[in-house]
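Here are the chains, one letter per residue:
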Amino acid sequence: MPDRALPDRPMPPALRFMLAARRSELEGLRGLADTCELVTLISRLVHALQRERGYTNLYLGSQVETHRRQLDLHTEQAKALEHDVLQRLQAVDLNAASAADRARLFNRVAYVLHGFDELPGLRRRIRERLLAPSVATAALTRLIGGLMAVVFEAADTAIDPDITRVLVALFNFMQGKELAGQERATGVAGFSAGFFDASVQERILHLTQSQERCFQTFSEFADPLAGQRWAELQRSELTTQLLRLREVGMRTSAQHPVDPGLSQLWFELHSQRIDQMHEVEKQLAEQLLASCQSSIKLANADLDNHRVLLQRLASLETMGCGDARLFSVHASDLDSPAPDGHGPQMGRSLLDLLQAQTHRLQDANLQLDEARQALNERKLVERAKQLLMNEYALSESEAYTRLRQSAMSRGLRMVDMAQNVLAVAGKG
């Protein structure tokens, strides 16, 4: 609907740009809502792929036929969700104006689509037992990592502070859950062998520490209800049993092995916990969609208020009303601009509204900066970790341990240590 003051009166330039700003925000929110719907589908697909990866590990590590049937079941569930994600991606308007600033997001999506193309061949080789468990697990982990990167980029490009906070909470929770899935696979391999060797122990330690970091960030940004559900799961008997079993595994050695049958118990406890974590994940996804719809509704109402106020003030000026009371703006209207350029009262009204809109945008930017700080810190840690891996031929867990120990010995936060590492290398 075109914006206009009156048929015989052109809209003041200042007001045209103010309304254009609001329309731009609304368009961005609609694009963000589409992205958030994609994120919710991705969270479901990631959970299905995590299940498939877990049963792939069991299937390749044993000759139990029931594992094959369970694996086929989880594969079919994952395929159905892959179809849903693909349909959502095909509906994305790549030429829309709101797509112009999402280059990194689209690049991540392209990587995921390439991974989808390779899935049928990977699944066939798994059924034929042509792959070692570690190789198959690594391949599925790469695809899950690509999907997680899409969620990260969605959070990093979000324009609404409330939605960004939910995205940051969701991403960190999903990442923590993914690390729990990797711990499940690592522990299965260790218990199946009868003991945790040094590499398995190091990997378990790295994964547990990384989970703590993710869940701490989640707790900072999650709403109270999601935080409460997570706290209840942490205090549950299931988590207690899993922690005890982890301690048993960490105390094993070639000289003090345990029954390899514990691998099944380890897998089942982890799977139950991951399923319960998915309930928290679904709650966050529902909150995300609700936040998107709420923000769009408010933006639409605000834009309508702008137009109504424009018509009211322009009509009053045309009638020659000079009473300041007729031009007064209620506090609830201060977030809506009005016309300008034809009289002192109208000019003051527009100035007040312009200042209100400017303050609102400044506040939103401050909240966005706060929410994105967690994402920026993660980027720094990941970059520093990658640099150490390349420079010293370290594994991911070794690089993380070195970074963490250096930070502790200097009394620094991990992100500050990461920044120091990048600065010394000339990459800060």
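Let's shift gears to the pattern of salt bridges. Under the criterion given, the structure shown has 20 salt bridges. Taking the shortest distance from any N to any O, the salt bridge between Glu128 and Arg124 comes out at 3.5 Å. The exposure class assigned to Glu128 is partly exposed, which follows from its relative accessible area of 44%. As a salt-bridge pair, Arg246 and Glu183 come within 2.8 Å of each other at their nearest N and O atoms.

For helix 8 (residues 237–250), built from 14 residues, the straight-helix expectation of 20 Å at 1.5 Å per residue is met to within 8% by its first-to-last C-alpha distance of 20 Å. Along helix 8, the positions that sit buried rather than exposed are Leu238, Thr239, Leu242, Leu245, Arg246 and Gly249. Seen end-on, helix 8 carries its buried residues on one side only, within an arc spanning 125 degrees.

In protein chemistry, a disulfide is the covalent bond that joins the sulfur atoms of two cysteines. Taken as a whole, this structure holds zero disulfides when the rule is applied. Looking at Cys292, it has no disulfide partner, and the nearest cysteine sulfur is the one in Cys36, 3.2 Å off.

Moving on, we get to the nonpolar core. One finds Leu167 and Phe218 to be the most contacted residues of the largest nonpolar core, which totals 84 residues. The leading source of residues in this core is helix 1 (residues 13–61), at 18 residues. Those residues in contact with Phe218 that lie beyond four places of it in its chain are Ala169, Asn172, Phe173, Ala226, Gly227, Trp230, Val280 and Leu284. Grouped together as the second largest cluster of nonpolar side chains are 16 residues, Leu380, Ala384, Ala399 and Ala418 included.

To continue, consider helix 12 (residues 414–424). Side chains that are three or four residues apart share a direction in an α-helix, a result of its 3.6 residues per turn. Within helix 12, the full set of buried residues consists of Met414, Val415, Met417, Ala418, Val421 and Leu422. Buried residues in helix 12, looked at end-on, bunch into an arc of 160 degrees, giving them a common side. Where helix 12 terminates, the next one or two residues include Gly426, which has phi positive at roughly 75 degrees.

Across all of its chains, the model carries eight aromatic pairs by this definition. Relative to Trp266, the ring of Phe191 lies with its centre 5.5 Å away and its plane at 50 degrees, an arrangement referred to as tilted. In this pair, Phe191 sits in helix 5 (residues 161–193) while Trp266 sits in helix 9 (residues 262–318), placing the two residues 75 residues apart along the sequence. An aromatic cluster of three or more residues is present, and its members are Phe173, Phe215, Phe218 and Trp230. We note Arg129 situated over the ring of Tyr59; from NZ or CZ to the ring centre the distance is 3.9 Å. Geometry around Tyr392 places Arg402 over its ring, the cationic atom sitting 4.7 Å from the centre.

The next point concerns the confidence of the model for the protein. Taken over all residues, the pLDDT of the protein has a mean of 83, while the share at 70 or more is 82%. The weakest mean pLDDT in the protein belongs to helix 10 (residues 344–392) at 74; the strongest belongs to helix 8 at 96. The model gives residues 1–8 a pLDDT under 50, and that stretch makes 16 contacts with residues more than four places away or in other chains. Counted against residues more than four places away or in other chains, residues 321–343, with its pLDDT under 50, gives 62 contacts.

Scoring rules and cut-offs
- Residues numbered from 1 in each chain as written.
- Predicted model: local features only at pLDDT ≥ 70, side-chain atom pairs only at ≥ 80, totals over all residues.
- Heavy atoms only, no water.
- Salt bridge = Lys/Arg side-chain N within 4 Å of Asp/Glu carboxyl O.
- Buried < 20%, exposed > 50% of the residue type's maximum accessible area, 1.4 Å probe, protein only.
- Helix = DSSP H or I, 4+ residues; strand = E, 2+ residues; numbered from the N terminus.
- Expected span 1.5 Å × (residues − 1).
- Arc of directions from axis to C-beta.
- Disulfide = S-S within 2.5 Å.
- Core = buried A, V, L, I, M, F, W, Y, C linked by side-chain atoms within 4.5 Å.
- Contact = heavy atoms within 4.5 Å.
- Phe/Tyr/Trp six-rings, centres within 6.5 Å; stacked < 30°, edge-to-face > 60°.
- Lys NZ or Arg CZ within 6 Å of the ring centre and 35° of its normal.
- pLDDT = per-residue confidence, 0-100.

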